[in-house]
Amino acid sequence: MNQTEIINIFTKRTLGLTFVLSAAAFAFGQEKAGISGTVVNKSNQPVPYASVTFSNKTNKLFSDATLTDEKGQYKLDLTPGNYDIIIEAIDYKKVVINKQITSAGNIGALSIEAEKSSTNVKTKDIEGIVLTAPSTKPYKVELDKRTYDPSQDIVSKGGNLQDVLTNVPSVSVDTDGTVSMRGSSNVKFLINGKPSALLGIDDGANALQSIPADQIEKIEVITNPSSKFEASGTAGILNIILKKSKKTGFNGSVVGTLGYLPQTNLNTNLNWRKGNFTWFLNGGGGYRESKNTNRNDDYFNNAILDDDLVQRNTNSETKSKNNNYNASAGIVYDINEKTSVNASGTVRTFDSENFGNIDYSYTPLKNPFYTSNRSTFGTNNNLAFQGDFGLDHKFDDKGQNLSLSLSLQRSRSYNDTNIDDSINDLKDFINQSTINKSVIGKVDYELPIGESSKLEAGYRIDINTNDYSNDVRESTSTKPLDFLKPYTYDATYKETFNAFYLQFKSKIGKLGYQVGVRDELSNVDINYLSLDPKKNSVVTTKNYNNLFPSVYLSYEFAKDNQLLLNYTRRIDRPRSFFMIPNPNYNDNQNIFDGNIDLNPSYVDSFEFGYSISKKKFTLNPTLYYRHQTDDTKMLVYNILATDDKGDIIIPKRIESHTKPINLGTDDRFGLDLNFNWDATSWLKFLGNVDVFGYNTKGSTLYDTFDKDGNPIQAVADFNGKGFSTRARLSSTVKVDKTFSFQVQGFYRGAQKTAYQDRKDMYAISFGASKTIWKGDGTLAFNVQDIFNTRAMRSTTYTANSVRDSYMQWQPRQFSVSLTYRFKQGEKVEQPKRKKDVNANATGGDEQGPM
């Protein structure tokens, strides 16, 4: 789609919006009458907190809805006309009554009948608003996904997406922001069912910290995605569903947070829904400081000359000051009963200043011990835009649906770093620029067949373009400022995916099944041009055509009690910057090398699970096995630094390089147990235990040097097998209807291969929440990592060295947040709304196939 076509579409939608606003203004300008009434049961007792919707038979813009109060009474203003009155309440049958509203007044009592299976209703406090409702569970199991509701996570209140993910079952977050599922970090992130530029403005923790926790509706954990989902992400998919309008009238909330390490945040959510028209506006921003600590102790075993190193110790501390701002707005318009359109736009910024200090100490074989220092100052400026457009059409009331969506995304990142090395009188100036542009188009079709079968089909196109510009300049006391040619380059990475899927699902008695296949045609173009005269320009094209089948089986013993068995095939595509040679130069002694020959790896994944959900508990054990071929492994090796002519620099300087390679296989198998248990009316538990085995195979030759400094080849051995564990437990104590506190514990077991030994890690966090202002406010306090133990420790072995590493991304921190909810207009769930393809609706990638 070219720019002109996009502009035409935007213009048409703008005109349509103008028409809708004009019609709305006309509708709201009509004279209204004050209506009141009561909802009662068959015993003539009032029914509190029932939903009462007045649906105008001739003009949906005149429709409105409200809730009854604790006495079963309600009031609202309506334009005179003919209405269907829809009454809904928990444990009562839905009732529809037709009535002509001619003037103001009381229309009398409306009666509803209790469900035959109705149980005693329990009053519970949900975020300070007392509703008559059954207890909700934070964790829900479906055929091909698990859904986590963060609203009951007290520890993450006032935090961000990274804080929320630390308590999601089957998910773990390392100290550097790396997210993994069941021990694998190849996780695919989606926002509202689509890849998003909002998570592409930065990597690791910075990206996760840019999305406030209070804007997250729920998180879908999809460990074995079906053919309907894109095939990327061998570990699975995390789909972040952001909040959108769910209630009639005008309502919203404001959340403010203060914390230490210093942080301030202010975010707001505004929603308005009236008749066929809905809009939402979310926005906010904040300031946050962070501190990152790294230690690397290298022990070399090949020293023979007096100045050859036997030990190098590196201590690094980086302090960051970060600012982030975000705003999103959207509209949904129901054209008629069967068709709705939607449009939304989001902008997000992230800026930071980084102050780093690296202390090196060197121990030569015989010469005196000496030290050096490198100080760094860096700035980041990131900006991301995203526009989404969608259309939903329902052909009939039997479930035949068509959904169309288009997403236009752009993000750019500017990173500038200045390095000052004291011992070498060396100065480096690094300027990096990255621009990402994406177009995602999607068509999904659903066709019911009979009473229990459905055929689904769809097409999707992704066009992603990444432009990289990397300039590295260096000066010393003997050399004027000039480019470091091997690390100065321009590159373009473009990938285009065309995907088609077809899947069929049905049910025979208690046995449900779904089979599907997805075909993805991938085209990758890489253009790379370096200033290094020893390197030729690179123009590479790669094409892949892969089929990805999926099979799901379920057997239902009773309601909320079933066995689940599934199989899927997935792909792990290399990250774009993994395939750009020399993409990262921030330290002349630790360098990341890209690998343009890197290929995708593939995973065959099997799961066998059981799920039972009762009133007070949910239990979901799952056995899994995952076999990955052409696994991507990180090769760490040492070489002697050379000058522009290729001669070894004297005195010798050892460079440590990291490079991604395809190598061997990786097998993971284990038991993933998730549960939640309401032990008493005041004590609840949510837990996850993952006991898994791993069997990694692969070894390769790499270039290094011997004791005399001569080039040799050595073997990197990645073989290793063993067992490890990951566990998480969250306990929530409800002191009374307005006050609760929560304790979360996390543990990750050690893992060992011939190449690396990674130590275990644990952390404990605390949170408390108090409802104030008669339910309109919430005051929350939390402490992350109480004992300051969340840090990674590992030992890495190479042919000529051993490295002990320590890394802590963020020390202990605490925060206080205040939420205020304002209720201008009625806050009631809108029954039977049309689906929004950009929200959690059928037809979007975020929705499960069943």
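Quick caveat, the model's predicted, so the values are computed rather than measured. (Residues numbered from 1 in each chain as written. Predicted model: local features only at pLDDT ≥ 70, side-chain atom pairs only at ≥ 80, totals over all residues. Heavy atoms only, no water.)

**Student:** Looking at this model, I keep getting lost on the overall build of the chain. Mind explaining?
**Tutor:** Counting its regular elements, the chain contains three helices and 49 strands. Among the 850 residues that make up the chain, the fraction classed as buried is 52%. Put simply, of all contacts in the chain between residues at least 6 apart along the chain, 68% involve residues at least 24 apart. Only carbon and sulfur atoms are counted for the fraction: they give 56% of the accessible area of the chain, which is about 36,500 Å². (Helix = DSSP H or I, 4+ residues; strand = E, 2+ residues; numbered from the N terminus. Buried < 20%, exposed > 50% of the residue type's maximum accessible area, 1.4 Å probe, protein only. Contact = heavy atoms within 4.5 Å. Areas by Shrake-Rupley, 256 points an atom, 1.4 Å probe, with all protein chains shown as cover.)

**Student:** Whenever I open this one, a nonpolar patch on the surface confuses me. Can you help?
**Tutor:** Together, Ile 508, Leu 511, Val 515, Val 551, Leu 553, Tyr 555, Phe 557, Leu 565, Phe 608, Leu 623 and Leu 671 line one region of the surface with nonpolar side chains, adding up to about 910 Å² of accessible area. For the nonpolar patch, the secondary-structure elements that each account for two or more residues are β28 (511-530) and β29 (538-558). Counting residues per element, the nonpolar patch draws most heavily on β29, which supplies four residues. Summarising the element assignment, Val 515 is placed in strand β28. Using a relative accessible area of 38% as the deciding quantity, one classes Val 515 as partly exposed. (Patch = residues over 30% accessible without salt bridge, like charges linked within 9 Å, V, L, I, M, F, W, Y side chains within 5 Å. Salt bridge = Lys/Arg side-chain N within 4 Å of Asp/Glu carboxyl O.)

**Student:** Looking at this structure, how should I read unusual backbone geometry?
**Tutor:** A negative phi angle is the norm for most residues apart from glycine, just as the trans form is the norm for most peptide bonds. The residue after Tyr 260, namely Leu 261, is reached through a cis peptide bond having omega 5°. Along the polypeptide, Leu 261 turns up in the loop between β17 (249-260) and β18 (263-274). Although it is not a glycine, Asp 630 adopts a positive phi angle of roughly 50°. Along the chain, the position of Asp 630 falls in the loop between β34 (617-629) and β35 (632-640).

**Student:** Where do I start with the environment of Gln 400 in this structure?
**Tutor:** Within the fold, Gln 400 resides in the loop between β22 (370-394) and β23 (401-421). Distance from Gln 400 to Pro 448, taken between C-alpha atoms, is 6.1 Å for residues 48 residues apart in sequence. With residues near it in sequence (within four places) discarded, Gln 400 still touches His 393, Lys 394, Phe 395, Tyr 445, Glu 446, Leu 447 and Pro 448.

**Student:** Sorry, what's going on with the pairing of strand β14 (residues 187-191) here?
**Tutor:** A regular strand places its side chains on the two faces of the sheet in alternate fashion. For β14, the tally of buried residues reaches four of five residues, placing the bulk of the element in the interior. Taken together, the five bridges between β14 and strand β16 (residues 236-242) define a ladder with parallel strand orientation. In the strand pairing of β16, Leu 190 is matched with Asn 239. (Pairing = 2+ DSSP bridges.)

**Student:** Which parts of the structure should I look at to understand the sheet that holds strand β5 (residues 81-88)?
**Tutor:** Strands belonging to one sheet form pairs held by backbone hydrogen bonds; the direction of such a pair is parallel or antiparallel. Pairing is antiparallel in the open sheet, where four strands are placed in the order β3-β2-β5-β6. Both outer strands of the open sheet, β3 (64-67) and β6 (95-101), are each paired with one neighbouring strand and no more. Each adjacent strand pair in this sheet contributes to an overall mean axis angle of 20°, direction not counted. (Axes fitted to C-alpha atoms, helices over the stretch in contact; angles between N-to-C directions.)

**Student:** How should the packing of aromatic side chains be read in this particular structure?
**Tutor:** Tallied over the full model, the rule gives 20 aromatic pairs. For the pair Tyr 459 and Phe 500, a centre-to-centre distance of 5.0 Å together with 45° between the ring planes defines the contact as tilted. Taken together, the residues Tyr 459 in strand β25 (residues 453-475) and Phe 500 in strand β27 (residues 489-508) connect sequence positions 41 residues apart. Its relative accessible area of 28% is what places Tyr 459 among the partly exposed residues. Overall, Phe 500 belongs to the partly exposed group, its relative accessible area being 43%. Every member of this aromatic cluster is reached through a ring pair, and the members are Phe 54, Tyr 74 and Tyr 83. We note Arg 295 situated over the ring of Tyr 806; from NZ or CZ to the ring centre the distance is 4.1 Å. The ring of Phe 497 is capped by Arg 573, whose NZ or CZ atom sits 4.0 Å from the centre of that ring. (Phe/Tyr/Trp six-rings, centres within 6.5 Å; stacked < 30°, edge-to-face > 60°. Lys NZ or Arg CZ within 6 Å of the ring centre and 35° of its normal.)

**Student:** Help me out: how do you make sense of the pattern of salt bridges in this one?
**Tutor:** For the coordinates displayed, the defined rule picks out 23 salt bridges. Here Lys 479 makes a salt bridge to Glu 474, at a shortest N to O gap of 3.7 Å. With relative accessibility at 34%, the residue Lys 479 sits in the partly exposed group. Here the salt bridges do not stand alone but share partners, grouping Lys 228, Glu 446, Lys 454, Glu 456 and Lys 505 into one network.

**Student:** Would you mind going over the environment of Phe 577 with me for this structure?
**Tutor:** Mapped onto the elements, Phe 577 comes out in the loop between β30 (561-572) and β31 (584-585). On the accessibility criterion, Phe 577 (25% relative accessible area) is partly exposed. Counting along the chain gives 111 residues from Phe 577 to Asn 466, while the straight-line C-alpha distance between them is 9.0 Å.

**Student:** What is the right way to read the sheet that holds strand β4 (residues 73-78) from this model?
**Tutor:** As summarised here, the arrangement of the three strands in space is β4-β1-β7, forming an open sheet in which the pairing is mixed. In this open sheet, the two edge strands, each paired with only one partner strand, are β4 and β7 (105-111). Each neighbouring strand pair of the sheet contributes to a mean axis angle of 25°, computed without reference to strand direction. Across five bridges, strand β1 (residues 33-40) lies against β7 in parallel orientation. Within β7, the position partnered with Ile 35 by the bridge is Gly 105.

**Student:** Where do I start with the side chain of Ser 605 in this structure?
**Tutor:** Along the polypeptide, Ser 605 turns up in strand β33 (residues 601-613). Judged by relative accessible area, which is 6%, Ser 605 ranks as buried. Within the structure, Ser 605 has its side chain in polar contact with the side chain of Asn 224 (distance 2.9 Å). Beyond its immediate sequence surroundings of up to four residues, Ser 605 is in contact with Asn 224, Asn 566, Tyr 567, Thr 568, Tyr 625 and Arg 626. (Polar contact = N/O pair within 3.5 Å; in protein donor to acceptor, adjacent residues only side chain to side chain.)

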